[in-house]
Amino acid sequence: MEPRHILSQKSKVKVKKPKQYKVIMHNDDYTTMEFVIEVLVRIFNKKLEEAQKVMLDVHKAGKGIAGIYSYDIAMTKASTAMNWAKEEGFPFKLSVEEV
């Protein structure tokens, strides 16, 4: 009987990082600055100082980045914020774009 040779093969598994998406807040003439800050603190877990900076970006530049997340988290946070805004009577709009 001949000895059998077992070949061992090492396979390299490449793990791709999930794509990231930014949640963008858009300025409007009706949503209050206070509400935008509250959304940033409560939904996007920003500290007050950072929330104020993003709010000023939205106010001055017309848009600001609320955060960068995986797709599902970005969509959930954006829709949660827009639903809350709708309940409060604000036409606040957020969008999600791939980074």
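The structure we're discussing is the one just above.
Keep in mind that this is a model prediction, so the values were computed, not measured. (Residues numbered from 1 in each chain as written. Predicted model: local features only at pLDDT ≥ 70, side-chain atom pairs only at ≥ 80, totals over all residues. Heavy atoms only, no water.)

Undergrad: Mind laying out the side chain of Lys-46, listing which residues take part and the relevant values?
TA: Considering the arrangement of structural elements, one finds Lys-46 in the loop between helix H1 (33-42) and helix H2 (48-61). Lys-46 gets classed as buried once you look at its relative accessible area, which sits at 15%. There is a polar contact of 3.5 Å between the side chain of Lys-46 and the side chain of Glu-50. If we skip the residues at most four places from it in the chain, Lys-46 touches Leu-40, Val-41, Ala-51, Ala-66 and Gly-67. (Helix = DSSP H or I, 4+ residues; strand = E, 2+ residues; numbered from the N terminus. Buried < 20%, exposed > 50% of the residue type's maximum accessible area, 1.4 Å probe, protein only. Polar contact = N/O pair within 3.5 Å; in protein donor to acceptor, adjacent residues only side chain to side chain. Contact = heavy atoms within 4.5 Å.)

Undergrad: Any details on the side chain of Asp-28? Residues and values, ideally.
TA: Mapped onto the elements of the fold, Asp-28 is located in the loop between strand E1 (21-26) and H1. As a buried residue without a salt bridge, Asp-28 has its nearest oppositely charged side chain in Lys-93, at a separation of 10 Å. Only 2.7 Å separates the side chain of Asp-28 from the backbone nitrogen of Tyr-30, close enough to count as a polar contact. Here Thr-31 takes part through its backbone nitrogen, which lies 2.6 Å from a polar atom of the side chain of Asp-28. In contact with Asp-28, other than residues within four places in its own chain, are Pro-91 and Phe-92. (Lys, Arg positive; Asp, Glu negative; His and termini not counted. Salt bridge = Lys/Arg side-chain N within 4 Å of Asp/Glu carboxyl O.)

Undergrad: Go over the pairing of E1, please, and point to the residues and values.
TA: Summarising the sheet, E1 and strand E2 (residues 63-69) pair through six bridges and their orientation is antiparallel. Paired with Met-25 across the strands is Gly-64, a residue of E2. For E1 and strand E3 (residues 93-98), the ladder comprises six bridges, and the chain directions are antiparallel. The residue of E3 that forms the bridge with His-26 is Lys-93. (Pairing = 2+ DSSP bridges.)

Undergrad: Describe the packing of H1 against helix H3 (residues 71-88), with residues and values.
TA: The N-to-C vectors of H1 and H3 enclose an angle of 145°; their axes lie 11 Å apart at closest approach. Viewed along their axes, H1 and H3 form a crossing whose handedness is right-handed. Where H1 abuts H3, its residues Phe-35, Glu-38, Val-39 and Arg-42 lie against Ala-81, Trp-84, Ala-85 and Glu-88. Residue classes in the contact of H1 with H3 are distributed as five nonpolar, no polar and three charged. (Axes fitted to C-alpha atoms, helices over the stretch in contact; angles between N-to-C directions. Left-handed = near helix turned anticlockwise from the far one by under 90°. Nonpolar A, V, L, I, M, F, W, Y, C, P; charged D, E, K, R; others polar.)

Undergrad: Please set out H1 residue by residue, giving values where relevant.
TA: Those residues of H1 lying buried are Phe-35, Val-36, Ile-37, Val-39 and Leu-40. Buried residues belonging to H1 abut E1, H2, E2 and H3.

Keep in mind these numbers describe shape, not what the thing actually does.
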